[in-house]
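Structural overview
Each chain, letter by letter, is given below.
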Amino acid sequence: MSCLIRTLLFILLPAFSMGFSKPVNQIHHNPNEKSIKIKSADGKLFLTIDYNRGCIIKQLNLNGSDKLSPQGVFTGFTINAANFTSAALLGKINISETINSLSINNIQYGDDNLQVSERWRFNIQNNCIIWNITRKYNKNAKIEEIAFPSWNFTSLTEWKGGIFDNGGMVWCKYLQDVNDTYGVHTGGVTFWNEQSADALRIAAKPSEGNEIAAKYTHGEAGQFRFDLMVTDTTLNQRYNLSRFVSKKADVFAPFTVKAGEVSIAIELGYVNYEKEYSRGILPGIDAIAVRELLNTTGRYGVVDNNIIGANGWLTNWKCLHEPFFAQIGMALNDVNYTKNMSATLDQERDLAMLQNGRVLSRWHNARGDEIQGTYNDKTGYYEAMWGYTIDSQTGYIINTSEQFALNGDLKWLRAHQKSAEKALHWLINRDANNNGIFEMVNKNISEAKASDWLDIVWASYENAFVNAQMYEALTLWSECEKTLGNPEKASYYYRVALKLKRAFNKPVEEGGFWSADKKQYVYWRDDDGSVHGDNLVTPVNFAAIAFGLCDDQQRISLILDQIEKRTSAEQLFHWPLCFDSFRKEEVHANNWPFPKYENGDIFPTWGYLGVRAYAKYDKSIALKYINNILEQYRKDGLSSQRYSRTTQLGLGDDILAGISTSITALYRDIYGIRPYWNRMGLEPNMSASLNGTQFNYKLRGITYNISLSVNDYTIKTSRYTVKSKEAFGVAGVANTLIFFPHNRDKQQLSVTEQSGKETILAINKWEDDKFEWTAKLAGTYKITLKGLVAGSAYTVSVGGVNQRFKADKDGILTMSKKINAPSLFMVKKVA
């Protein structure tokens, strides 16, 4: 039970019933000096309250270091441009102490327009300090600002940033100018500094029926200011839909408070950052850079609740035509990000999808980037001025499918079924000539419009990049339909995908995208049949391989060997968007002369496609570019939109969270983290240099300890351990372990230790008709094998003793075995 939950119980029940006792020497009240010191049980955190002139927290000492500026921590509000705070009170406070708490009452401030009276109550619970603030307004009033409370830290360098309880983060260095402010609709935050293991966690819960928000500001005295706000309605933005505003501290619109009481419970605690956010033991990989990259760049795309993107909060932008947000969540492994991503897709289903299934391509805080008439001032969703970027259709499907693998929520997936089908059919219906390739809205380069993420390249009509993503969307959604119990629909989408695959792989002379002359997949074909983009466009060719459209080993070699040879020849740290120039008429003038911008610069956003493509072809190449990205993070924090092809220095006003995708691919395609809705899965591609990798992975409330070496994979939980040389999945239901060979649903092994003891299995072999495993602990086991040949006979050998069993009509075989020592189980189909 968390400290904050215990506090809420404390509020609701009489103090004597809780059985708490006041720890010795943890609350020190000095009436002569008018100060109070409150120390946590672990001694890592103490507060000093000063009530000489007002009532403020003047010191917050974390592991021996005071974190506060002279302004300290106070409460307050702004009305009619006048500020009132607890630092200057109208009357005398009174203090009461009980066996387990301290209360400061009668904290009054304000004027004739509005007055408040507050009670601060502090409790010490384990290693937390709980601060309850109850505020009473004397009348209804419209106010501009609220501090409930305001925390003023020494400077912007005190913390590297703060990780939010919605999965996002504030990156302090980007509050560059005085009054730069970032405002979000959540209150919990963990502030950290990379140079030390010390972090401060602030969890906040408003009273029932109220909302919470927070803002992070470059203070006028150079301090880093963090303000919590509690209101009875959700706060609106003051400037359009802007979450970040430059040089203005009033990010939220004025709001009305009502006469009466409102309260907040705040939990303060020390966190060992290195331990709490450890990525584990990662031989051959800079684990610290992985941690920092994911906690900064990876989280930066969270703009607010219900808005997870890649362009992020500085520019107030989210592109819906990006398919990797759920994958970032898989690598972050933060339940808060996962929850927010589910809510983000809910909002996009409800607000960004038109009745015909078209998914609007972007969200922004203000007008100016839209096709005229498409921007919604209330929601912020619209079509981009550069053209109808059709990969918003595929982005929604891919993210939804991969998000379901993380949240495992069938009800949630079912709530997206109709919208997902509408989004797919919007694009399926665009195959006007029925050749299996889906057409864009723009027809040729003369329109000077885009159709995908490369929004100032005039890819038109039959676009290979969008169609490659469509293949991935179809195959992923086919599996979702199967899970939802719709085999007919699953089969339909699979057939559509196969037709697309056949058409995609045809030579360009026959209407496909494969250029035998150039040894690559071309980018697009205009409606007049002319072929464009044969300049070795990396995301197009990587996507064809990574998504499984191209499974011809000769073609894979031709593409990947060519790309590696040319990247190495230029000594580039990462892959450029294309190796040769587009023709001038194929791109916006901003892309000229080559190499410039989307015509040849380095965009690491699509790194995950490259890593995925190389992982099964040549792991050493995949690892090289993963390590290159980590090295670049050490140099500049990857705080760029792109990198110059000629200087390899960062460029662009945007920071793109997608730059982290090469590291998300480290988890997916090298370590092989493959969660599914009904299991935890591993499909590693390990190299010897990574042997001994160990880390914890949390999925839906279960912590899995992962150990990886070449052909040696282990998953361990508190109830079971499974070891295998091949890919596998596991799930636990009560004291039953379910093993999924090769991480597929086709066959399953269920093992129940009847007394509820731990189960330890080593899988030795798993073929179609022969299965071997070793149970490492003595016990009585109920064993069920599924996916066998219905009605067929199998011999079962346990510790050398043979028996004969028959699979039932559903291909299921069940038996019970008692073993007194580690025993080898062998099951073989009778010929």
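On a predicted model such as this, the values are computed, not experimentally measured, just so you know.

Across the junction of Phe-148 and Pro-149, the peptide omega takes the value 0°, indicating a cis bond. Tracing the sequence through the fold places Pro-149 in strand S13 (residues 145–153). Looking along the chain, the bond that leaves Trp-592 and enters Pro-593 is cis, with omega of 0°. Note that Pro-593 resides in the loop between helix H13 (553–570) and helix H14 (607–615). Not every positive phi belongs to a glycine, and Asn-711 is a case in point at roughly 55°. For Asn-711, the position within the fold is in the loop between strand S38 (702–709) and strand S39 (712–716).

Within the structure shown, the criterion is met by 45 salt bridges. Glu-383 serves as the salt-bridge partner of Arg-358, at 2.7 Å between the closest nitrogen and oxygen. Linking Arg-358 in the loop between helix H6 (335–351) and strand S27 (362–364) with Glu-383 in the loop between strand S28 (381–382) and helix H7 (391–407), this pair joins segments that are 25 residues apart in sequence. What makes Arg-358 buried here is its relative accessible area of 3%. We note a salt bridge from Asp-377 to Arg-367, for which the minimum N-O separation is 2.7 Å. Residue Asp-377 is found in the loop between S27 and S28, and its partner Arg-367 is found in the loop between S27 and S28; the two are separated by 10 residues along the sequence. Note on Asp-377: relative accessible area 45%, which makes it partly exposed. You can call Arg-367 partly exposed: its relative accessible area is 47%. One salt-bridge network, in which partners are shared between bridges, spans Glu-472, Arg-612, Arg-668, Asp-669, Arg-674, Glu-683 and Arg-744.

Tallying each qualifying case throughout the model produces zero disulfides. Cysteine Cys-578 shares no disulfide, and the gap to the nearest cysteine sulfur, in Cys-319, comes to 19 Å.

Two elements in contact, H6 and H7, have axes separated by 10 Å at closest approach and are oriented at 145°. For the element pair H6 and H7, the recorded crossing hand is left-handed. Contact residues: Thr-338, Met-341, Ser-342, Leu-345 and Arg-349 in H6; Tyr-396, Asn-399, Thr-400, Gln-403, Leu-406 and Asn-407 in H7. The residue inventory of the contact of H6 with H7, partitioned by class, reads four nonpolar, six polar and one charged.

To continue, consider the packing of aromatic side chains. Applying the stated rule across the entire model yields 53 aromatic pairs. Ring centres of Phe-77 and Tyr-109 lie 5.8 Å apart, and the angle between their planes is 25°; this geometry places the pair in the stacked category. Note that Phe-77 is positioned in strand S6 (residues 68–79) and Tyr-109 in strand S9 (residues 101–110), a separation of 32 residues in sequence. Tyr-109 sits in the buried class, given a relative accessible area of 1%. The cationic tip of Arg-358 hangs over the ring face of Trp-426; the distance from NZ or CZ to the ring centre is 5.3 Å. The ring of Tyr-676 carries the charged tip of Arg-679 above its face, separated from the ring centre by 4.3 Å.

Between its first and last C-alpha, H6 extends 24 Å over 17 residues, near the 24 Å set by a 1.5 Å rise per residue. Those residues of H6 that sit buried are Tyr-337, Thr-338, Asn-340, Met-341, Ser-342, Thr-344, Leu-345, Gln-347, Glu-348 and Arg-349. The N-cap of H6, judged by a side-chain oxygen 2.8 Å from the amide nitrogen of Asn-336 a few residues on, is Asp-334.

For the pair H7 and helix H9 (residues 417–428), interaxial distance at closest approach is 9 Å and the crossing angle is 145°. Considering the relative orientation of H7 and H9, their crossing is left-handed. Counted together, Gln-393, Thr-394, Tyr-396 and Ile-397 of H7 and Ser-419, Ala-420, Ala-423, Leu-424, Trp-426 and Leu-427 of H9 form the full contact between these two elements.

Neither face of strand S14 (residues 161–164) is exposed, since Gly-161 and Ile-163 on one face and Gly-162 and Phe-164 on the opposite face are all buried. In the sheet, S14 pairs with strand S15 (residues 169–171) via three bridges, with the strands oriented antiparallel. Its bridge partner lying in S15, Ile-163 is registered against Met-169. The turn linking S14 back onto S15 is made up of four residues, and Gly-167 within it adopts a positive phi angle of 90°.

Hydrogen bonds between backbone groups are what pair the strands of a sheet, and the pairing can be parallel or antiparallel. Read across the sheet, nine strands follow the order S8-S9-S10-S11-S23-S18-S17-S14-S15 without closing on themselves; strand pairing throughout is antiparallel. At either end of the open sheet lies a strand with only one pairing partner, and these are strand S8 (94–97) and S15. Across the sheet, the axes of successive neighbouring strands diverge by a mean angle of 20°, strand direction being ignored. Sheet analysis places S14 next to strand S17 (residues 189–192), joined by four bridges and oriented antiparallel. Directly across from Ile-163, in S17, lies its bridge partner Thr-190.

What counts, and where the lines are drawn
- Residue positions are given per chain, counting from 1 as you read along its sequence in written order.
- In keeping with the model being predicted, local features are shown solely for residues with a pLDDT of at least 70 and side-chain atom pairs are shown and tallied solely at 80 or more, while totals for entire chains, interfaces and linings include all residues.
- To get the side-chain values, all heavy atoms of the structure are used, and hydrogens and water are removed first.
- Labels follow the DSSP assignment, with helices taken as runs of H or I lasting at least four residues and strands as runs of E lasting at least two, numbered in each case from the N terminus.
- By definition here, a salt bridge exists when the distance from a side-chain nitrogen of Lys or Arg to a carboxyl oxygen of Asp or Glu is within 4 Å.
- The buried label goes to any residue with under 20% of its type's maximum accessible area, the exposed label to any with over 50%, and the partly exposed label to all in between, with areas taken from a 1.4 Å probe on protein chains only.
- Working definition: a disulfide is two cysteine sulfur atoms within 2.5 Å of each other.
- Structural elements are reduced to axes, namely lines fitted to C-alpha atoms, with helices fitted over the stretch in contact, and the angle between N-to-C directions of any two is expressed from 0 to 180 degrees.
- Crossing chirality is assigned from the near helix's rotation relative to the far helix, an anticlockwise turn below a right angle marking it left-handed and a clockwise turn marking it right-handed.
- By definition in these notes, contact holds between two residues if any of their heavy atoms fall within 4.5 Å.
- Residue polarity follows a fixed list, in which Ala, Val, Leu, Ile, Met, Phe, Trp, Tyr, Cys and Pro are nonpolar, Asp, Glu, Lys and Arg are charged, and the others, Gly among them, are polar.
- Pairing of aromatic side chains here covers Phe, Tyr and the six-membered ring of Trp, requires ring centres within 6.5 Å, and sorts the geometry by plane angle: under 30 degrees stacked, over 60 edge-to-face, intermediate tilted.
- In this analysis the charged atom, NZ for Lys or CZ for Arg, is taken to sit over a ring once it is within 6 Å of the ring centre and within 35 degrees of the ring normal.
- Take the number of residues in a helix, subtract one, and multiply by 1.5 Å to get its expected span.
- Polar contact is the term for a pair of N or O atoms within 3.5 Å; when the atoms are in protein, one must be able to donate a hydrogen and the other to accept it, and sequence-neighboring residues count only if both atoms are side-chain atoms.
- Paired strands, as defined in this entry, are two strands with at least two bridges between them according to DSSP.

Read these as spatial facts, not as claims about activity.
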